[in-house]
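Residue strings, one per chain:
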Amino acid sequence: MLTCDDYLSPKTLDEAFDAMERHRGGSRLVAGATDILPWAREGRAGDVHIPVLIDIAGIPELNVREIGADKVRLGAATRFQRFIDDKALMAALPALPFCAVWFADDQIRESATIGGNLVNASPAADGTPAVLVHDGAVVLASRRAGKIERRRVTVADFMQGPGKSVLGDGEILIEVECAALPKHGGAFEKVGHRRSLVISTVCVAALVERDAAGERLSDVRLAVGGVGPVPRRMDKIEAALKSRRLSNDLLEEAAGTAADLVASRTRQEYRREVVQGFVLRALVNASRRAGACEKLITREIEARYA
Ligand SMILES: Cc1cc2nc3c(=O)[nH]c(=O)nc-3n(C[C@H](O)[C@H](O)[C@H](O)COP(=O)(O)OP(=O)(O)OC[C@H]3O[C@@H](n4cnc5c(N)ncnc54)[C@H](O)[C@@H]3O)c2cc1C
């Protein structure tokens, strides 16, 4: 069980940094608490006492939502439920709603934040591949000599390994920036027998844009989680998919190549099979949602990932 003596809810970034400085060594940040609470239980960290918990979810900078023509700025305390409820956000970030519907259950989605998901740095975190296909970057804030400083790091560079990121001591992830891609079709696939409460073994996010005729993919973005130490984009496969006319064969070849990227040591054969099926299904769904020519991706392909 997780216990604390004090639970603070700073209203500004300065108040949060004050609390972090005052309780250095005896405090921990918390946003939705959906990672930190289950971590402090039998079989994981066990009973944990943290003298001071600092809940940063109410700070205005962490609740920004700004949708521009090219870029979306999202506060780190944005809850996953928002990607299903907020129509403008869904349109600008077409991979995120498909990620969010597979994310936990209603109760967890209402609390779990995108910032907490990234900081937790799980190799199979659902939010990471979905943000990677949107060219995600994070803004990290710290305070030095009374002045708040910000630095921007791409999500690809932010993730360093299982549970490891470049977040420094005394830093707060305040914002996530994503490319706004309203013309793209999105998809997200993850392993799980039940829709809710399944934390991914493998997950795949896809975004595609078609050309005017719907016969080629003018842009393809694919990211996979759970097959290596950090979720990653599949750049070579993205390039190969743009180089030829759309067909069932093209998508199947891409999915086959994706299976070769599996680096995890555990359950390798299983993960290879899952990745191949997921990449195929994600590409088919995203292409159809983007309006790809129906004659080029025929119904027979569905039998390959059923
Ligand atoms: C039942 C259940 C189901 C789940 N299902 C899924 C799932 O389907 N997919 C999935 O990916 N995850 C899942 N999770 C994991 C969890 O919900 C997510 O990782 C969530 O996004 C974490 O966000 P949070 O705000 O709750 O993090 P918290 O628990 O509040 O924090 C997590 C860690 O990040 C730090 N932190 C949080 N915010 C910041 C910030 N802004 N700056 C700096 N540090 C910060 C905290 O100090 C802590 O170390 C599930 C968890 C549970 C309990």
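Fair warning: this is a prediction, and the values are worked out from it, not measured in the lab.

Novice: Break down the sheet that holds strand β12 (residues 172–179) for me, with residues and values.
Specialist: Pairing is antiparallel across the open sheet formed by five strands, whose spatial order is β6-β7-β12-β8-β9. Each end of this open sheet is capped by a strand with a single partner; those strands are β6 (65–67) and β9 (147–154). Mean inter-strand twist for the sheet, computed between neighbouring axes without regard to direction, equals 20°. Both strand β8 (residues 137–144) and β12 contribute to a ladder of five bridges, which runs antiparallel. Bridge pairing in β12 links Ala-137 to Glu-177.

Novice: Could you give an account of the packing of helix α10 (residues 235–243) against helix α11 (residues 248–259), naming the residues involved and the relevant values?
Specialist: Packing of α10 against α11 leaves a shortest axis separation of 10 Å and a crossing angle of 170°. The angle between α10 and α11 places the two elements in the roughly antiparallel class. Of the residues in α11, those in contact with Ile-237, Ala-240 and Leu-241 of α10 are Leu-250, Ala-254, Thr-257 and Ala-258. Taken together, the residues that form the contact of α10 with α11 break down as six nonpolar, one polar and no charged.

Novice: Residue-level account of the domain arrangement of the protein chain, with values.
Specialist: What the domain assignment reports for the protein chain is domain 1 (2–55), domain 2 (60–179) and domain 3 (185–304). Listed as interface residues are ten residues of domain 1 and, on the opposing side, 15 residues of domain 2. With four residues, helix α1 (residues 13–22) is the largest single contributor of residues to the side of domain 1 that touches domain 2. Here the residues of the side of domain 1 that touches domain 2 sort into seven nonpolar, two polar and one charged.

Novice: Residues and numbers for the packing of α11 against helix α12 (residues 268–290), please.
Specialist: Put simply, α11 and α12 touch, their axes get as near as 8 Å, and they point 145° apart. Every pair of crossing elements has a handedness; the one defined by α11 and α12 is right-handed. From α11, Leu-251, Glu-252, Ala-254, Ala-255, Gly-256, Ala-258 and Ala-259 reach across to α12, where they touch Arg-272, Val-275, Gln-276, Val-279, Leu-280, Leu-283 and Val-284.

Novice: Explain the site of the ligand to me, and be specific about the residues and the numbers.
Specialist: Neighbouring the ligand are 31 residues, the closest being Ala-31, Gly-32, Thr-34, Gly-116 and Asn-117. Contributing elements (two or more residues each) for the shell around the ligand: β3 (27–30), α2 (36–39), α6 (106–111), α7 (114–120) and β12. The element that contributes the greatest number of residues to the shell around the ligand is α7, accounting for five residues. Across the shell around the ligand, the residue classes tally to 19 nonpolar, nine polar and three charged. There are two domains that each give the shell around the ligand at least three residues, and those are domain 1 (2–55) and domain 2 (60–179).

Novice: Break down the nonpolar core for me, with residues and values.
Specialist: Ile-56, Ala-95, Cys-99, Ala-205, Ala-206, Val-279 and Leu-283 are the most contacted members of the largest nonpolar core, which totals 90 residues. Broken down by element, this core gets its largest block of residues, ten residues, from α12. Ignoring any residue separated from it by four or fewer positions in sequence, one finds Leu-283 in contact with Ala-206, Leu-251, Ala-254 and Ala-255.

Novice: Mind laying out the sheet that holds strand β2 (residues 6–8), listing which residues take part and the relevant values?
Specialist: Here we have three strands laid out as an open sheet, ordered β2-β5-β3, and parallel in their pairing. Pairing within the sheet leaves two strands with one partner each, and these edge strands are β2 and β3. Direction aside, the axes of adjacent strands within the sheet are offset by 20° on average. One ladder, built from four bridges, connects β3 with strand β5 (residues 52–55); its direction is parallel. Note that in β5 the partner of Leu-29 across the bridge is Ile-54. Most of the contacts of α1 go to β5, to which it runs at about 165°, and overall it touches β2, β3 and β5.

Rules used in this analysis
Residues numbered from 1 in each chain as written. Predicted model: local features only at pLDDT ≥ 70, side-chain atom pairs only at ≥ 80, totals over all residues. Pairing = 2+ DSSP bridges. Helix = DSSP H or I, 4+ residues; strand = E, 2+ residues; numbered from the N terminus. Axes fitted to C-alpha atoms, helices over the stretch in contact; angles between N-to-C directions. Parallel < 35°, antiparallel > 145°, perpendicular 65-115°, else oblique. Contact = placed C-beta atoms within 7 Å. Nonpolar A, V, L, I, M, F, W, Y, C, P; charged D, E, K, R; others polar. Domains from an automatic or database assignment. Left-handed = near helix turned anticlockwise from the far one by under 90°. Near = placed C-beta within 6 Å. Core = buried A, V, L, I, M, F, W, Y, C linked by C-beta atoms within 7 Å. Buried ≥ 20, exposed ≤ 12 C-beta atoms within 10 Å, placed from the backbone.

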